[in-house]
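Chain residues, written in single-letter form:
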Amino acid sequence: MLLYSPEDVMADLKRAVQLEPNLSGAHYALGVAYDRMGKVDEAMVEFQKAVELDASDARSHLYLAEKYANSGQPHRAISAFAAALKADPENVEALKDYAFLCLAHDEERRWREAKRALETAIQIRPNDPEILMNYGYTLFLDRENDEAIAHYLRSIQLKPDWALSHYNLGVAYYYLGRYTDAVGEYQSALAINPGDVESHLYLGLAHYQIGDTQKAIAEWQQVLRLDPNNQLAQQNLKALGAY
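Residues numbered from 1 in each chain as written. Predicted model: local features only at pLDDT ≥ 70, side-chain atom pairs only at ≥ 80, totals over all residues. Heavy atoms only, no water.

### Here we look at helix 9 (residues 145-158)
Phase 1 of the analysis: With 14 residues, helix 9 extends 20 Å between its outermost C-alpha atoms, agreeing within 8% with the 20 Å of an ideal straight helix rising 1.5 Å per residue.
Phase 2 of the analysis: Here helix 9 has its buried residues at N145, A148, I149, H151, Y152, S155 and I156. Projected down its long axis, helix 9 carries its buried residues within an arc of 165°, all on one side. Facing away from the buried side of helix 9, by more than 90 degrees, are the exposed residues D146 and Q157. (Helix = DSSP H or I, 4+ residues; strand = E, 2+ residues; numbered from the N terminus. Expected span 1.5 Å × (residues − 1). Buried < 20%, exposed > 50% of the residue type's maximum accessible area, 1.4 Å probe, protein only. Arc of directions from axis to C-beta.)

### Quick notes on the side chain of N134
Phase 1 of the analysis: Following the sequence through the fold, N134 ends up in helix 8 (residues 129-141).
Phase 2 of the analysis: Note on N134: relative accessible area 15%, which makes it buried.

### Thoughts on the environment of D106
Phase 1 of the analysis: Here D106 lies in the loop between helix 6 (92-105) and helix 7 (107-124).
Phase 2 of the analysis: With a relative accessible area of 10%, D106 lands in the buried category.

### Section: the nonpolar core
Phase 1 of the analysis: Counting 69 residues, the largest nonpolar core has F47, L64, F81, Y98, Y152, Y186 and W220 as its most contacted members.
Phase 2 of the analysis: Ranked by the residues each element gives to this core, the list is headed by helix 6, at 8 residues.
Phase 3 of the analysis: Discounting chain neighbours no more than four positions away, the residues touching Y98 are I78, F81, A82, L85, R110, E113 and A117. (Core = buried A, V, L, I, M, F, W, Y, C linked by side-chain atoms within 4.5 Å. Contact = heavy atoms within 4.5 Å.)

### Re the packing of aromatic side chains
Phase 1 of the analysis: For the coordinates displayed, the defined rule picks out 11 aromatic pairs.
Phase 2 of the analysis: Between Y137 and F140, the ring centres sit 6.4 Å apart and the planes meet at 20°, which makes this aromatic pair stacked. Remark: F140 and Y137 occur in helix 8; sequence separation between them is 3 residues, near one turn of the helix.
Phase 3 of the analysis: Ring geometry for Y174 versus Y175: centroids 5.6 Å apart, planes at 80°, classification edge-to-face.
Phase 4 of the analysis: The ring centre of Y28 lies 3.8 Å from the NZ or CZ of R59, which sits over that ring.
Phase 5 of the analysis: If you follow K159 out to its NZ or CZ, it ends over the ring of W162, 4.5 Å from the centre. (Phe/Tyr/Trp six-rings, centres within 6.5 Å; stacked < 30°, edge-to-face > 60°. Lys NZ or Arg CZ within 6 Å of the ring centre and 35° of its normal.)

Structure follows, in structure tokens:
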């Protein structure tokens, strides 16, 4: 038997905010209660009030960041994660999510910020395959290909069934001119995720660089079966008289 109903708890939390309207923690607690009731909009209002009153309230910044990310507002999420990390700079999950969003939605301007965040994360959690893979990607963007490959390999060692790590390793090999190695990694990625258009596309490119034109054509034809409007596959096949 519950001593307090959810309505009683909510009434108490609202009363606490009325009594202490400038207390960040009161707004945070009320926001949590709203969130648990599925009242996301009301929760967002309370968490926003909490951070306005106390910019160092990492918990409220993180809540806002996650909700922004989940509602298709990546740039607002990035800003909220940055604010959370200013208050709690060693929060590994926040570092991971912040870096991912920077790379996924604002790579051109923010990949160096992502790299710095992942450098911190990797010191705290050195055997996290996602951190290793994403850090490897920032190293690749920084043209540190050998270091990128080392981190991709470590990520794969820890999580061998992750297609994206194999794909990224294939890309790094490709840009180093190691086309045979690239073929192997793209094939590994496709063994895990056969419908990945990018892996088929780049596997075709690697085959072409090796001189295996028929295998390249077969991969680009597969790209068009998966993505009939893929212009790069169309162009490559036209150049070879196979489209």
